Amino acid sequence: MDVFSIFAAWLAIFSISFTFLPISQLEMSRSKLIKRKLEMRRVLWANNMRNGVKIKLIFDLFSLQILDWKARGTADGFSSVNFVLPVLTIACWLRHGYMTDDVNNKLINSVNLAAFTVYIFCFAYFQPVRKYLYIQLLSLFAVLYATFAYVDSVDSSLAADTMGGIAAAMQIVSLAGGIYDIKRAISMGTTEYIPASMQFGIFFLTGQWALFGYLAPNPYIMVANLAGLAVNIVTIALYFIYPPITWRVPLIGTQQEHKKKN
């Protein structure tokens, strides 16, 4: 096995592991989540939190991101865009994997699709206002239906390449979620709702995929991931400019200072 094959195998393992990063976030302990809930009640959502919310889900065992929503009593304030948009890219790459009988592609994106389905269901459970999530999901299904119908209409000798090109384009389009988070963080003056461990993981993941695309060579993979890397670097920079309010950014150590009451 040559060096490139080893790198490709490593990248496949890393990509699958990254899918579960929201499940394994260790930015804060369980006790800190409880404290954070109380702090967020006082600082951000004193008038919006619902009393007496008791949630007992098996998802408590799986994700500290979900535990964060549980501790707050709501997922209000968090965006569903970053859970819905990736499904568009994942579904396109999965279809391409089946069309080309690419085992790694099918494995990685099947796991990704299952994981993001769980995240979306959890978000919907904790989100009191689901209208925007429903709109996003309906739009997702409509786009996927139209995309797959178009690929099916293309000559069979070109269908796989067409699907691959569309998948790469969708990956770039999915950056809208990251751009939206940047815009929202600037308008709110805080990166409170952008998990840092996720951003650090994206940095290493997209960087390696960009390198893979260069070495393959595959310009679609390289360009799509360089674009993602650029958005990721801007997002990480915001941790310095607009730090979170109730938690400290790992590695960087930034956090907004609380103003003491007189």
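Residues numbered from 1 in each chain as written. Predicted model: local features only at pLDDT ≥ 70, side-chain atom pairs only at ≥ 80, totals over all residues. Heavy atoms only, no water.

Caption draft 1: Up close: helix α9 (residues 196–215). Helix length check: α9 (20 residues) gives 29 Å between terminal C-alpha atoms against 28 Å at 1.5 Å per residue, within 8%. Every buried residue of α9 is listed here: A196, S197, M198, Q199, F200, G201, L205, T206, Q208, A210, F212 and G213. (Helix = DSSP H or I, 4+ residues; strand = E, 2+ residues; numbered from the N terminus. Expected span 1.5 Å × (residues − 1). Buried < 20%, exposed > 50% of the residue type's maximum accessible area, 1.4 Å probe, protein only.)

Caption draft 2: Summary view of the nonpolar core. The biggest cluster of nonpolar side chains holds 32 residues, and the ones touching the most others in it are W69, F83, C92, I120, F123, L133 and L140. Among the elements of the structure, α3 (64–72), α4 (81–100), α5 (103–126), α6 (131–153) and α7 (156–173) are those that each provide at least two residues to this core. Apart from the residues within four sequence positions on either side, L133 is in contact with S80, V84, I120, F123 and A124. In this structure, L175, I182, F200 and L238 belong to the second largest nonpolar core, which totals 12 residues. (Core = buried A, V, L, I, M, F, W, Y, C linked by side-chain atoms within 4.5 Å. Contact = heavy atoms within 4.5 Å.)

Caption draft 3: Focus on a nonpolar patch on the surface. A cluster of nonpolar side chains, namely F4, L211, Y214 and L215, defines an oily patch on the protein surface of about 390 Å² accessible area. Looking at the nonpolar patch element by element, the count peaks at 3 residues for α9. Summarising the element assignment, F4 is placed in helix α1 (residues 3–19). (Patch = residues over 30% accessible without salt bridge, like charges linked within 9 Å, V, L, I, M, F, W, Y side chains within 5 Å. Areas by Shrake-Rupley, 256 points an atom, 1.4 Å probe, with all protein chains shown as cover. Salt bridge = Lys/Arg side-chain N within 4 Å of Asp/Glu carboxyl O.)

Caption draft 4: Highlighting α4. Its 20 residues place the ends of α4 29 Å apart at the C-alpha level, agreeing with the 28 Å of an ideal helix rising 1.5 Å per residue. Where α4 ends, the next residue or the one after it, D101, has phi of about 55 degrees, a positive value.

Caption draft 5: Representation of the side chain of Q208 within the structure. Tracing the backbone through its elements, the reader meets Q208 in helix α9. A residue is classified by how much of its surface remains accessible, and Q208, at 17% relative accessible area, is buried.

Caption draft 6: Expanded view of the environment of T89. Within the fold, T89 resides in helix α4. Put simply, T89 and L113 are 24 residues apart on the chain and 9.8 Å apart in space, counted from C-alpha to C-alpha. Residues in contact with T89, not counting those within four places in the same chain, are A167, M170, Q171 and S174.

Caption draft 7: Examining the packing of aromatic side chains more closely. In this structure the tally under the stated criterion is 10 aromatic pairs. Measuring from centroid to centroid gives 6.2 Å for F83 and F123, while their planes differ by 40 degrees, and the two rings are tilted. Separated by 40 residues along the polypeptide, F83 in helix α4 and F123 in helix α5 bring together distant segments of the chain. For the residue pair F83 and F123, the accessibility class agrees, reading buried in each case. Aromatic rings pair up to connect F4, F7, W209 and F212 into one cluster. Lying over the aromatic face of F148, R95 brings its terminal NZ or CZ to 5.0 Å of the ring centre. (Phe/Tyr/Trp six-rings, centres within 6.5 Å; stacked < 30°, edge-to-face > 60°. Lys NZ or Arg CZ within 6 Å of the ring centre and 35° of its normal.)

Caption draft 8: A look at the packing of α7 against helix α10 (residues 219–241). Where α7 contacts α10, the axes come no closer than 9 Å and their chain directions differ by 5 degrees. With respect to each other, α7 and α10 are oriented roughly parallel. Counting all contacts with α7, which are made through G165, A168, Q171 and I172, the residues of α10 involved are Y220, V223, A224 and N225. Looking at the contact of α7 with α10 residue by residue, the classes come out as 5 nonpolar, 3 polar and no charged. (Axes fitted to C-alpha atoms, helices over the stretch in contact; angles between N-to-C directions. Parallel < 35°, antiparallel > 145°, perpendicular 65-115°, else oblique. Nonpolar A, V, L, I, M, F, W, Y, C, P; charged D, E, K, R; others polar.)

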